[in-house]
Amino acid sequence: MNTLPKLSIYQIVVGLLLAVLFFLIFRILGDTGLGRIAVLNEQIEAKRLQADTMLQRNQLMAQQIELIKNDSSQVEVLARYHFGMVKPGEIFIQTSP
């Protein structure tokens, strides 16, 4: 009546070792293993580049703020350039490119 084949201890151990090996390979190479680590490292590097760019931009802005604070003629230059302001008695002439 019993049609199931008899398995030796050796066959059972080899089967369990293969199952554990396949599980480990799946975990290491899958989304939660080395693949995920590589993706996260790429994201970290992108954020570092973004942070470096922001830091350079902040340093440039800090320099511009110091220039405005220390040189009152710089305020005039900015007012003329960004807001089109003119002094009383001046005539504004706009040219087209």
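Refer to the preceding data block for the structure.
How each quantity is defined
Residues numbered from 1 in each chain as written. Predicted model: local features only at pLDDT ≥ 70, side-chain atom pairs only at ≥ 80, totals over all residues. Heavy atoms only, no water. Helix = DSSP H or I, 4+ residues; strand = E, 2+ residues; numbered from the N terminus. Rg over C-alpha atoms; globule rule 2.2 N^0.38 Å. Buried < 20%, exposed > 50% of the residue type's maximum accessible area, 1.4 Å probe, protein only. Areas by Shrake-Rupley, 256 points an atom, 1.4 Å probe, with all protein chains shown as cover. Lys, Arg positive; Asp, Glu negative; His and termini not counted. Charge placed at Lys NZ, Arg CZ, Asp CG, Glu CD. Salt bridge = Lys/Arg side-chain N within 4 Å of Asp/Glu carboxyl O. Expected span 1.5 Å × (residues − 1). Axes fitted to C-alpha atoms, helices over the stretch in contact; angles between N-to-C directions. Parallel < 35°, antiparallel > 145°, perpendicular 65-115°, else oblique. Contact = heavy atoms within 4.5 Å. Nonpolar A, V, L, I, M, F, W, Y, C, P; charged D, E, K, R; others polar.

**Quick notes on the overall build of the protein**
- Secondary structure summary: the protein contains three helices and zero strands in total.
- Listing the helices and strands of the protein from first to last along the sequence gives α-α-α.
- Its C-alpha radius of gyration of 35 Å places the protein more than 25% over the 13 Å reference for a compact globule of 97 residues.
- Counting only C-alpha atoms and orienting by the principal axes, one finds that the protein spans roughly 115 × 30 × 20 Å.
- Taking all 97 residues of the protein together, the buried fraction comes to 3%.
- With the model as given, the accessible surface of the protein reaches about 9,400 Å², and the carbon-plus-sulfur share is 66%.
- Charged side chains in the protein number 9 positive and 8 negative. The centres of these two groups are separated by 13 Å.

**Some thoughts on the environment of T95**
- Note that T95 resides in the segment after α3 (72-83).
- Under the relative-accessibility criterion, T95 is labelled exposed at 68%.
- Along the backbone, T95 and E42 are 53 residues apart, and their C-alpha atoms lie at a distance of 48 Å.

**Notes on the pattern of salt bridges**
- Taken as a whole and judged by the stated rule, the model has four salt bridges.
- Linking E76 and R80 is a salt bridge whose minimum nitrogen-to-oxygen distance equals 3.0 Å. Of the two residues, E76 and R80 are both situated in helix α3; the distance of four residues between them amounts to about one turn of the helix.
- Judged by relative accessible area, R80 falls into the partly exposed class, the value being 31%.

**Examining α3**
- Given a rise of 1.5 Å per residue, 12 residues ought to cover 16 Å, and the 16 Å separating the end C-alpha atoms of α3 matches this to within 8%.
- Backbone geometry just downstream of α3 places G84 in the positive-phi region, at approximately 65 degrees.

**Let's talk about the packing of helix α2 (residues 34-70) against α3**
- The interhelical angle for the contact between α2 and α3, taken along N-to-C directions, is 115 degrees, at an axis separation of 5 Å. The pairing of α2 with α3 is recorded here as roughly perpendicular in orientation. Only S72, Q74, V75 and L78 of α3 make contact with α2, whose side of the interface consists of L67, I68 and N70.
- Considering only residue class, the contact of α2 with α3 consists of four nonpolar, three polar and no charged.

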